[in-house]
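Observations on the model geometry
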Amino acid sequence: MFSRHVSRAVAIARSVATGAADRKLLLRQLFEPASCTYTYVIADARSRDAVVIDPVLETAPRDLRLLRELRLRVRWAVNTHVHADHVTGSGALRLALSCPTAISGASGARADRLLGEGEELRFGAFALQVRPTPGHTPGCITLVLDDQSAAFTGDALLIRGCGRTDFQQGCPRTLYRSIHEQIFTLPESCHIYPGHDYCGHTVSTVGEEKRLNPRLTLSEDEFVRVMDGLGLPRPKLMDVAVPANLRCGIQDDAA
Ligand code: FE
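All of the points below concern the structure found in this document. Each chain has its residues counted from 1, running along the sequence as written. Two thresholds apply to this predicted model, a pLDDT of at least 70 for residue-level local features and 80 or more for giving and counting side-chain atom pairs, whereas whole-chain, interface and lining totals are computed over all residues. To obtain the side-chain values, all non-hydrogen atoms of the structure were included, while hydrogens and water were left out.

1. Considering the coordination of the iron ion
For Na, K and Ca the donor cutoff is 3.2 Å, while for all other metals N, O and S atoms must lie within 2.8 Å; water is not among the atoms, so some sites may look incomplete. Around the iron ion, the protein supplies His 81 (NE2), His 136 (NE2) and Asp 155 (OD) as donor atoms, at distances of 2.0 to 2.3 Å. On the primary sequence, the residues serving as donors to the iron ion are separated as H-x54-H-x18-D. Of this pair, His 81 sits in the loop between strand E4 (73-78) and helix H3 (90-97) while His 136 sits in the loop between strand E8 (126-132) and strand E9 (141-145); the two residues are 55 residues apart in sequence, bridging distant segments of the chain. Residues His 81 and His 136 agree in their burial class; the two are buried. By definition, any uninterrupted DSSP run of H or I lasting at least four residues is a helix, any uninterrupted run of E lasting at least two residues is a strand, and each is numbered from the N terminus. Burial classes: relative accessible area under 20% of the type maximum marks a residue as buried, over 50% as exposed, and values in between as partly exposed (1.4 Å probe, protein chains only).

What follows is the structure, given as structure tokens:
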């Protein structure tokens, strides 16, 4: 009896705290192995409105099948930035579903909607809020769920790592400040969903990365020195991917 009352009280407190008693989120993390890219489907489980984050061209058929199976209606296909390692699937989703595409205005890419700081992508009773997190590229954004329980960080913050800063006008000092000012100011419990992972990790939290990320626990000057000395090879697909992604992967001129 007592425990039932306690759990009911906790449930009520939780719903008051989030103001989300009538909301139910659906989240799917999808993996593309060639470029180790994560695509996210995030949806309002009640209204079935969805946003697809960072789809990949090669896995667009899989994503379309899942969207059909789950009976989701895509409100936005959004890219966190102009990718250099894969061609985005946002153009393919747009062609198949007539859903609009979105990317930051600072990216220099074409899309149906060019996003600015503080703008929202709404889906049902939820919204993703845009936080500019430049440094990997000048147009990188982090998409934060409106209750700040989840952040989709693209290639700004990775799990125990971060995006490279040695091409596409990258800047390590800018990236360091973006992560500290725009991501590490979120609640410690906020889940971090990155754009890639190369070690098999799937999700982290702000608190975990603040304590354990080997790059972001450095001072700004140390971080810049480490990033400038990485000596990474050029992405194999870069010369194909960047021009295609500046058009959001859309191959016809009507878009
Ligand atoms: Fe990238």
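2. A few points about the packing of aromatic side chains
We call Phe, Tyr and Trp rings a pair once their centres come within 6.5 Å, taking the six-membered ring for Trp, and we label the pair stacked below 30 degrees between planes, edge-to-face above 60, and tilted otherwise. Applying the stated criterion to the full structure yields seven aromatic pairs. Residues Tyr 38 and Tyr 40 carry aromatic rings whose centres are separated by 6.1 Å and whose planes lie at 45 degrees to one another, so their mutual orientation is tilted. Its relative accessible area of 6% is what places Tyr 38 among the buried residues. For Tyr 40, a relative accessible area of 1% corresponds to the buried category. Ring centres of Phe 123 and Phe 126 lie 5.6 Å apart, and the angle between their planes is 15 degrees; on these two criteria the pair is classed as stacked. Accessibility assignment for this pair places Phe 123 and Phe 126 in one class, buried. Grouping aromatic residues by their ring pairs yields a cluster made of Phe 31, Tyr 38, Tyr 40, Phe 152 and Tyr 193. Each ring is checked for a lysine NZ or an arginine CZ that lies within 6 Å of its centre and within 35 degrees of its normal; such an atom marks a charge sitting over the ring. Taking the ring centre of Trp 76 as reference, the NZ or CZ of Arg 113 above it sits at 5.1 Å.

3. Concerning the side chain of Gln 168
Looking at where Gln 168 falls in the secondary structure, it is placed in the loop between strand E12 (161-162) and helix H4 (172-183). At 2.9 Å, the side chain of Gln 168 and the backbone oxygen of Val 82 are in polar contact. Non-local contacts of Gln 168, meaning those with residues more than four positions away in its chain, are made with Val 82, His 83, Ala 84, His 136, Thr 137, Pro 138, Met 238 and Val 242. Each polar contact in these results corresponds to two N or O atoms within 3.5 Å; when the atoms are within protein, one needs to be able to donate a hydrogen and the other to accept it, and residues that are neighboring in sequence are counted only if both atoms are side-chain atoms. Any two residues whose heavy atoms approach within 4.5 Å at even a single point are treated as in contact.

4. A short note on the environment of Thr 165
By the element assignment, Thr 165 lies in the loop between E12 and H4. When the C-alpha atoms of Thr 165 and Asp 228 are compared, they prove to be 7.8 Å apart, with 63 residues separating the residues in sequence. Those residues within four positions of Thr 165 in sequence are excluded, and the remaining contacts are Gly 135, His 136, Gly 170, Cys 171, Pro 172, Leu 175 and Met 227.

5. Thoughts on the pattern of salt bridges
Think of it this way: side chains of opposite charge can pair up when their charged atoms draw near. Salt bridge criterion: a side-chain nitrogen from Lys or Arg within 4 Å of a carboxyl oxygen from Asp or Glu. Considering all chains together, one arrives at 15 salt bridges under this definition. The salt bridge partner of Arg 75 is Asp 49, with a shortest N-O separation of 2.7 Å. Here Asp 49 lies in strand E3 (residues 49-53) and Arg 75 lies in strand E4, a separation of 26 residues in the sequence. Residue classification places Arg 75 among the partly exposed positions, given a relative accessible area of 37%. Exposure remark for Asp 49: the relative accessible area of 7% places this residue in the buried category.

6. Looking at the layout of surface pockets
Space inside the largest pocket adds up to approximately 830 Å³. Grid spacing is 1 Å over the protein atoms alone, the probe is 1.4 Å, and a cavity is where that probe fits but cannot get out, while a pocket is an open set with protein on both sides within 12 Å along at least five of seven lines and lining residues have an atom within 4 Å of a point. Surrounding the largest pocket, 32 residues form its lining, Ser 35, Asp 85, Arg 164, His 196 and Tyr 198 being those nearest its centre. Grid points are joined across faces, edges and corners, and a volume is the space filled by probe spheres set on the points.

7. Here we look at the sheet that holds E4
Across the sheet, six strands lie side by side as E1-E2-E3-E4-E5-E6; this open sheet has mixed pairing. This sheet does not close on itself; its edge strands, each paired only once, are strand E1 (25-32) and strand E6 (113-115). Sheet twist, expressed as the mean angle between neighbouring strand axes with direction ignored, is 25 degrees. Two strands pair if DSSP finds at least two bridges between them. Across two bridges, E4 lies against strand E5 (residues 101-104) in parallel orientation. Bridge pairing links Val 78 to Ala 102 in E5. Under this scheme, a helix contributes an axis fitted over its contacting stretch, all axes are lines through C-alpha atoms, and angles between N-to-C directions fall in the 0 to 180 degree range. Across the sheet, helix H2 (residues 60-69) touches E1, strand E2 (37-44), E3 and E4, and the angle it forms with E1 is around 160 degrees. Packing of H3 onto the sheet brings it into contact with E3, E4 and E5, and relative to E4 it is tilted by some 155 degrees.

8. So, the pairing of E2
Among the eight residues of E2, eight are classified as buried, and the element is accordingly described as predominantly covered. Here E2 shows no split at all, with Thr 37, Thr 39, Val 41 and Ala 43 on one side and Tyr 38, Tyr 40, Ile 42 and Asp 44 on the other all buried. As judged from the eight bridges shared by E1 and E2, these two strands associate in the antiparallel manner. Residue pairing in the sheet places Glu 32 in a bridge with Thr 37 of E2. Taken together, E1 and the strand that follows it, E2, pair antiparallel across an intervening segment of four residues, in which Cys 36 is found at a positive phi of about 55 degrees. The sheet contact formed by E2 and E3 spans four bridges and is antiparallel. Residue pairing in the sheet places Ala 43 in a bridge with Ala 50 of E3. From the end of E2 to the start of E3, which pair antiparallel, there are four residues, and Arg 48 there has a positive phi angle of about 75 degrees.

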